[in-house]
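Architecture and fold: a report
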Amino acid sequence: MNPYAAWLSSGDNAWQMTAATLVGLMSIPALAVLYGGLVQRKWAVNTMLMVFSTFCLVLIVWVLWAFKMGFGSPWIGTFLGKPGTVVGAAAEQAQANIPSLNGLMPKFRFPQGSLVYFQFVFAAITPILFIGSVIGRISFKVWLIFVPLWITFAYAVNAFLLWGGGWWAAHGALDFSGGYVIHLAAGVSGFVAAAVVGPRLKRDREHGVPNNLLFVAVGAGILWLGWNGFNGGDPYFAGSDATAAVINTNLATAVAMMTWIIMDMIGGPGKKATFLGGLNGMICGLVGITPAAGYVNGVGAIIIGAVTSATVWFAWNYLSKVRPFSKVDDALGVVYTHGIAGLLGGLLVGLLADPGMIVYLGIGKNPDVTTSGLFYGHPHQLLVQAGAALTVIVWDALVTFLILKGIGLFMKLRIPDEELQIGDVAVHGEEAYPTEELVRVGAAAEIAPPPPARPDGQGTRATEKVRQTE
């Protein structure tokens, strides 16, 4: 008896599942605690619940119809794949296959289930990222309806066009691991969603103090190292290009983080190094190298880290004061660290893609699979990259706008202002940091009736707290 099919490589499959798990950890718990720590304490529970709920919803939608729309047989020309389920035995255990890429890359050496799960964690993290744009005012119920629709009509189209053998893939567009499909999409969609839903309360915008920087640091560390799976898993083989992608990812990120920190020290608001500034630089590097990780060499990675971080630093500090950016409340600045950084990374691929970086080795008379940018004699690549970016920007902005406007015809997109004043306790009946007084009173309330009201009709402060948590 043999535990492996003839086509299956245990090493490739093990790495693919490990890489997928690393990417999953970037969402839960990394972004749950990173975003949960960045927001005001009154929104920590709402943020965590939105992250975990999104992860659940996307997986359900993914296996029932959306995976096939992104990676299945062509359905609407070269724009979208045909919907279908991937829950049967063959869909989980047969050899992985992306129909439109047959003959254009080596045959997969792991099961379809590994491909489905790997691509799911990419799909899931995209709307999770732009939770950061609309946190602190969007209705939780609206978000639960929005996510499946956005995955179906925006993300699946992005994925098919660039990764599933669709129009831009056929025309040579390069997006190694999601600079366009994920990060540009998240930045644009989050910005449009923030504009449609409207701003946070004025007080919350002016006093948006992070509630726990230590949690932010934990989330940031998992996010960074999880990116080894994000970019290292995308060659689909545990070979040399996966190694190059991991090294380039870490190198670009280190350069980007230090670039932002130094720029803060030279010209930042207080001319001081800050952890939140370093975090922004780190994310810029991770995002910027994502579309390029296995296509550029180490020098290219350094350039991408420095350029994306420096450019987004200027955008964060100066472009944010110009319309329309000054008029849209993108709560955690997703349009900058993901939208602009993803766009820059994708365009820089068009300059820096190195034909010496071998993505797949040729066999026999077949040449090696490589890429080449403008600096290596292929200027057309930059035009292709710009065209693909424009497509993602326009399509995702339009779809996000229409979905939210459609939902808005039937229900309010925003949490009511009186609940916005309170936060988690009003929306979910939970607090991330219950006070000692609240815990004591809450326990006492279970075994004794509340104290009588005062003659003026007002309950005690403690009683009011208990009522808020009921």
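1. Considering the environment of A426
Its location among the elements puts A426 in helix α17 (residues 424-428). For the pair A426 and A156, spaced 270 residues apart in sequence, the C-alpha separation works out to 35 Å.

2. Quick look at the nonpolar core
Of all hydrophobic cores here, the largest spans 133 residues; its most connected members are W62, I151, Y155 and Y236. Among the elements that take part in this core, helix α8 (residues 179-197) stands out by supplying 13 residues, more than any other. Grouped together as the second largest cluster of nonpolar side chains are five residues, M69, L80, V157 and L161 included.

3. With respect to helix α14 (residues 334-352)
With 19 residues, α14 should cover 27 Å at 1.5 Å per step; its first-to-last C-alpha distance of 25 Å lies within 8% of that length. In terms of burial, α14 is a largely internal element, 17 of the 19 residues being buried.

4. Notes on a nonpolar patch on the surface
Taken together, the side chains of I60, L64, W65 and V87 present a nonpolar region at the surface, about 350 Å² in accessible area. Topologically, L64 is positioned in helix α2 (residues 44-71). Under the relative-accessibility criterion, L64 is labelled partly exposed at 39%.

5. Focus on the layout of surface pockets
Any space left empty among the atoms is revealed by the rolling of a water-sized probe across them. Empty space within the largest pocket amounts to approximately 1200 Å³. Those elements that place two or more of their residues in the lining of the largest pocket are α1 (10-38), α9 (202-206), α11 (240-267), α12 (275-289), α13 (298-317) and α14. Looking at the lining of the largest pocket residue by residue, the class counts come to 24 nonpolar, 14 polar and nine charged. Within this model, the second largest pocket holds a volume of roughly 740 Å³. If you trace the second largest pocket, you find 27 residues lining it, with L101, L104, A173, L174 and Y295 closest to the centre. The class makeup of the residues in the lining of the second largest pocket is 17 nonpolar, eight polar and two charged.

6. So, the pattern of salt bridges
Tallied over the full model, the rule gives six salt bridges. For R200, the salt bridge goes to D329, with nearest N and O atoms at 2.8 Å. With a gap of 129 residues between them, R200 in the loop between α8 and α9 and D329 in the loop between α13 and α14 connect regions that are remote in the sequence. Owing to a relative accessible area of 16%, R200 belongs among the buried residues under this scheme. According to the relative accessible area criterion, D329 is buried, its value standing at 10%. With a closest N to O distance of 2.5 Å, K202 and E206 form a salt bridge.

Procedures and definitions
Residues numbered from 1 in each chain as written. Predicted model: local features only at pLDDT ≥ 70, side-chain atom pairs only at ≥ 80, totals over all residues. Heavy atoms only, no water. Helix = DSSP H or I, 4+ residues; strand = E, 2+ residues; numbered from the N terminus. Core = buried A, V, L, I, M, F, W, Y, C linked by side-chain atoms within 4.5 Å. Buried < 20%, exposed > 50% of the residue type's maximum accessible area, 1.4 Å probe, protein only. Expected span 1.5 Å × (residues − 1). Patch = residues over 30% accessible without salt bridge, like charges linked within 9 Å, V, L, I, M, F, W, Y side chains within 5 Å. Areas by Shrake-Rupley, 256 points an atom, 1.4 Å probe, with all protein chains shown as cover. Salt bridge = Lys/Arg side-chain N within 4 Å of Asp/Glu carboxyl O. 1 Å grid on protein atoms, 1.4 Å probe; cavity = no way out; pocket = protein on both sides within 12 Å on 5 of 7 lines; lining within 4 Å. Points joined across faces, edges and corners; volume = space filled by probe spheres on them. Nonpolar A, V, L, I, M, F, W, Y, C, P; charged D, E, K, R; others polar.

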